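Tertiary structure, described
Residue-level listing of the chains:
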Amino acid sequence: MTGRLALQVVTAYAVCLSVCLVVSVKGDHCLLISEVNADNPKLDTTEFVELYHTGGQRASLDGYTLVFYNGNGNIAYKVLDLKGHTTDDRGFFLVGSVDMQPKPAIPLPPNTVQNGPDAIALYHTSATRYGEKMNATAVGLVDAIVYMTRRSGGAEVLAEILTPGEPAFVEDEGAHEGDESIERCLVSGENWGFQVALPSPGQRNRCTPSDSSAATTRISELKLGGGQVDGFVELSESQAAGPLVLLVLDGRTETISVSVDVSNSREGLLSITIDKNNMKGDESGAVALYSGKASDFPVGSPLSQTQPLDAFVYIGPGDQPSANLTETLIPGRQPYQLSARFGEGCLYLSRCGVASWTRDPGVFWEAPQTPGQPNQCPWPKICPHVTVVPGSTEVPPHLPPWARGDFLISELNADNPGSAEDGEFIELWHPSGRRISLLGVWLLLFSGHNSKPYREISLTGHFTTAQGYFLVGSDRLVPAPSVRLPPNTIQNGPDAVALYRSAFGPPSASQNGIPTQGLLDAVVYRLRGSDKDAQELSDALTPGQLPLLEDPEVQSGDEALSRCNGLLPADLSAFVVAPPTPLRENSCPRPPPPPEGVVISEVGGAHWTNHSQQSGFVELLGSPLTSLQGLVLTVFEEYRAGTTMALPLTGITDHNGFYLIGNITGADQVFPKGATIPANGAVVLCSDTVTVCRAGTTLTNSTLRDTLVFSDELRLLIKLSATRGQQVMPVLRSVEDGPVSLSRCSCCEARSPSSWISSSPTPRLTNICPSPAFSSDLNLCLAPLSGDWQEHPGNCSGLVQGHSEMDVAGYLEERCHCGISSLYLQVANFSCVAGWLRVLGNIQALSDHQRALILQTSLTQGDTCTDPTTDRRMSTGDHWTITPWS
């Protein structure tokens, strides 16, 4: 059929529906949030939430609860028990403004549904009661939408709890003139998403592809022939497309069986009839659209390596997919599986998924034929992957936001002993160590010979294991990978593996050359003696680093490249050759015993002041020239699960014993990209594996070498074996004008909060500590308010021998707010006089500025405890009464 065929703009033609089959997609039924309109023009009088049951018929809502969350505080502001309600006969259920049409089953006052950043969650459980003012929870969660506007932002916490691994939906108020809503649509395969559309309460969502995809010529509709029925292909064409050619390929021989020039004289829907013998509904094959002419692709010629504009690959019942057709025409996607139930009939398929990309059979559904008209797509009868089985009490993880750690390549085994190569794999890991969605994540395998991807794999629709692992590998690998590859797919080197986040299709489709936008991690590896053969890949993906060698001589049997020395992306120094451990913690060489006597000496928080020189850093102190291998610097932020940084230390202390970490001048080691010291949290010196230190859930006293907690959060204090009163908060008034740090002024007891004061930063220099040069006289007489001493007022000797400095310092700091701690009272004398505590001597300071603040509080009063006056001033700490001397 080489040559030019007569084409026509289709308006109508006869179809025998008794010959072709349309079969509904079957699957488990569920209740889901299908549409939300939270913000109307002017007055919010047509707000609504639409639920839909995928059974498409009346369904009871007993046991379901609809909860509305406020993103400001992440608490519930509206809770609706749906007991006693049912959907309508088509499966829809409306909650909305009292004046909207159609009438909602549950009416709400105008302006009830908040505009964002907010969330709406659907629950089903008999074990949990939901009420207003409750904190956001994932217990019993069935479905949820977290949304915000471009102006509001700030929905990260709700997204972490309700839709882990998926960011909040950003509603674009300018998408449509007048009102718009957020509708749920199937994007591709079993992957759901939300998009802005015109409101359609109580009706099937329109789910039309975005305008950006309308200007691209693509396959719109297919009929796979059978019996006496010819097949056809309908194209949605753009006039600016240029010369086009449509090919039909035989799935067995991978050769061209039909080559047809496509006229592009006008925009619209074009139909091309294909002989029934060349595009059957019970055999494997492919349809592909290319730029060019039919003479460039003659019938009988093999599959071209030219990239098509669009393609559809299908496999017959019981057939195996052609790896060559799949990898060339639809990289990273799965072919459409035909079922034996069609027999000698034919099959109608329509583009129904709203994905903006092409070359994806997952966007096609079985649907009625609509030649020359918009496709009539049925509502899919499958459930979103993000839903939890009703009644489940599983709690999806509380995740750090993306900026604090995204997916990493954890392990790579590209070369197995022998010729079978059936144990190859690539293991990914999410630093949260939790079950995470891989929505929008792509894995690209690059060839070092031409620096182009030879395989692009979309991971959308998949989830990691409960420990954060995800496996791509040979179909014979044990444990079984989530994405299976034919044996010998992963090339041995010099090659590369790269991980991307790309919401709009394959990274290579939107970027010229080697893609770098959206790059999450990469490993460039080689064979022995091929250091320079992958130079272009190295320069783009891991600049300044030599490719890794999976050296088979390191150990007997199989080996892999395992991440063991850090969590920085695209850092090849983090990998070592080790035994393969797919879906398990990497088998890393035990680090040397961590050094003793190394402590945290100074910490600067990046946001403690607004001063231009305020920087985040950590200074360690130990013996000179001490190797720090075996220690991990771990940073926690309050109200965040897990850590925000776990940095293996790699260097040695300098000749003065200092080791400086941070993004500041002269640092020995820098923080990971995007990481710093938070305003409130903790810095921990840990002596375990990076995985254990990062998780922060199994830290023990032997693991915690030193800690500095600057947070009041009880959960963080408990995790770090601290109690209230053992945290050290930066005091800005201790410094007259400039940045502030927390400095150790008592050496060298680890995990001692009394050792710390607030001062000006002195990285790699001796810390500024209270000095006699800035001292002032102190003469106090203090009486207790409660406790054993009050019951026995004639005896305060126990207090004098105990923690009198800390108690007195706490009282003085409550009056001064200038950074006083027990270290300021080192030269003061404490004695018991007639049952009162006498404090006499000097109080030290950091500077003239701080001494002036101390003097302003009039801490020096009287000269004797023998005749206290009745003018007693009470401390807010409920510890002491101060009595001036008479």
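Read on for an overview of the structure. (Residues numbered from 1 in each chain as written. Predicted model: local features only at pLDDT ≥ 70, side-chain atom pairs only at ≥ 80, totals over all residues. Heavy atoms only, no water.)

All right, on to the overall build of the protein then. When helices and strands are counted, the protein shows 10 helices and 48 strands. When the accessible surface of the protein is split by element, carbon and sulfur atoms take 50% of a total near 37,200 Å². (Helix = DSSP H or I, 4+ residues; strand = E, 2+ residues; numbered from the N terminus. Areas by Shrake-Rupley, 256 points an atom, 1.4 Å probe, with all protein chains shown as cover.)

Let us look at the state of the cysteines. All told, the structure shown has 5 disulfides when counted by the stated rule. Residue pairing for Cys352: its cysteine sulfur links by disulfide to Cys377, the two sulfurs lying 1.9 Å apart. Handedness here is read from the sign of the S-S torsion; for Cys352 and Cys377, about -90°, the answer is left-handed. You can see Cys352 sitting in the loop between strand S22 (346-351) and strand S23 (364-366) and its partner Cys377 sitting in the loop between S23 and strand S24 (408-413), a full 25 residues away along the chain. This pair shows no difference in class: Cys352 is buried, exactly as Cys377 is. (Disulfide = S-S within 2.5 Å. Buried < 20%, exposed > 50% of the residue type's maximum accessible area, 1.4 Å probe, protein only.)

What follows covers the pattern of salt bridges. Inspection of the entire model under this criterion finds 14 salt bridges. Taking the shortest distance from any N to any O, the salt bridge between Asp422 and Arg476 comes out at 4.0 Å. A residue pair is termed long-range when its members are at least 10 positions apart, and Asp422 in the loop between S24 and strand S25 (425-429) and Arg476 in the loop between strand S28 (469-474) and strand S29 (483-485) qualify at 54 residues. Judged by relative accessible area, Arg476 falls into the exposed class, the value being 59%. Ionic pairing is found between Arg563 and Asp521, a salt bridge with its closest N-O pair at 2.7 Å. Of this pair, Arg563 sits in strand S33 (residues 560-563) while Asp521 sits in strand S31 (residues 519-526), and the two are 42 residues apart along the sequence. Asp521 carries the same exposure label as Arg563, and that label is buried. Taken together, the shared-partner salt bridges in this structure form one network comprising Asp654, Asp668 and Arg764. (Salt bridge = Lys/Arg side-chain N within 4 Å of Asp/Glu carboxyl O.)

Turning our attention to the sheet that holds strand S38 (residues 645-648). An order of S38-S37-S40-S41 is seen for the 4 strands of this open sheet, with the pairing classed as antiparallel. Pairing within the sheet leaves two strands with one partner each, and these edge strands are S38 and strand S41 (704-710). Ignoring which end each strand starts from, the neighbouring axes of this sheet average 10° apart. (Pairing = 2+ DSSP bridges. Axes fitted to C-alpha atoms, helices over the stretch in contact; angles between N-to-C directions.)

Leaving glycine out, the prevailing phi sign among residues is negative, and the prevailing peptide bond configuration is trans. Across the junction of Val478 and Pro479, the peptide omega takes the value 5°, indicating a cis bond. The topology assignment puts Pro479 in the loop between S28 and S29. Across the junction of Gly493 and Pro494, the peptide omega takes the value 5°, indicating a cis bond. Along the polypeptide, Pro494 turns up in the loop between S29 and strand S30 (495-501). Unusually for a residue other than glycine, Asn111 sits at a positive phi of about 65°.

Right, let's talk about the sheet that holds strand S35 (residues 599-604) for a bit. Spatially, the 5 strands line up as an open sheet ordered S39-S36-S35-S42-S43, and their pairing is antiparallel. Each edge of the open sheet is held by one strand with a lone partner, namely strand S39 (658-662) and strand S43 (756-759). Across the sheet, the axes of successive neighbouring strands diverge by a mean angle of 25°, strand direction being ignored. As paired elements, strand S42 (residues 741-744) and S43 share 4 bridges and run antiparallel to each other. Across the sheet, the residue bridging to Arg744 is Trp756, located in S43.

Turning to the side chain of Asp118, a few remarks are in order. Its location among the elements puts Asp118 in strand S9 (residues 118-124). Among the polar contacts made by the side chain of Asp118, one reaches the main-chain amide nitrogen of Gly71 at a distance of 2.9 Å. Apart from the residues within four sequence positions on either side, Asp118 is in contact with Tyr69, Asn70, Gly71, Ile145, Val146, Tyr147 and Leu158. (Polar contact = N/O pair within 3.5 Å; in protein donor to acceptor, adjacent residues only side chain to side chain. Contact = heavy atoms within 4.5 Å.)

Before going further, it helps to examine the packing of aromatic side chains. The geometry of an aromatic ring pair comes down to the distance between the two centres and the angle between the two planes. Evaluated as defined, the whole model comprises 10 aromatic pairs. Taking 5.4 Å as the distance between ring centres and 85° as the angle between the ring planes, the aromatic pair formed by Trp608 and Phe710 counts as edge-to-face. Residue Trp608 is located in the loop between S35 and strand S36 (617-621), and its partner Phe710 is located in strand S41; the two are separated by 102 residues in the primary sequence. The side chain of Arg435 reaches across the aromatic face of Phe463, ending 4.1 Å from its centre. (Phe/Tyr/Trp six-rings, centres within 6.5 Å; stacked < 30°, edge-to-face > 60°. Lys NZ or Arg CZ within 6 Å of the ring centre and 35° of its normal.)

The two faces of a sheet get side chains in turn, since along a regular strand they alternate between them. One ladder, built from 6 bridges, connects strand S5 (residues 64-70) with strand S6 (residues 75-81); its direction is antiparallel. When the bridges of S6 are listed, Asn70 appears paired with Ile75. Hairpin remark: S5 followed by S6, antiparallel, with 4 residues in the connecting loop; positive phi at Gly73, about 110°.

Right, let's get into the environment of Ala480. Within the secondary structure layout, Ala480 lies in the loop between S28 and S29. Ala480 sits in the partly exposed class, given a relative accessible area of 43%. Counting along the chain gives 103 residues from Ala480 to Leu583, while the straight-line C-alpha distance between them is 9.5 Å.

A few words on the side chain of Ser97. One can find Ser97 in strand S7 (residues 92-97). Residue contacts for Ser97: discarding those within four places in its chain leaves Asp44, Thr45, Thr46, Glu47, Pro104 and Leu108.

A few words on helix H10 (residues 848-856). Residues that lie three or four places apart on an α-helix share one face, since the helix turns once every 3.6 residues. What H10 keeps buried is the set Gln850, Leu853 and Ile854. Seen from one end, H10 has its buried residues packed into an arc of 100°, which puts them on one side. Turned more than 90 degrees away from the buried face of H10 sit Leu855 and Gln856, all of them exposed. (Arc of directions from axis to C-beta.)

Any link to function would need more than the numbers given here.
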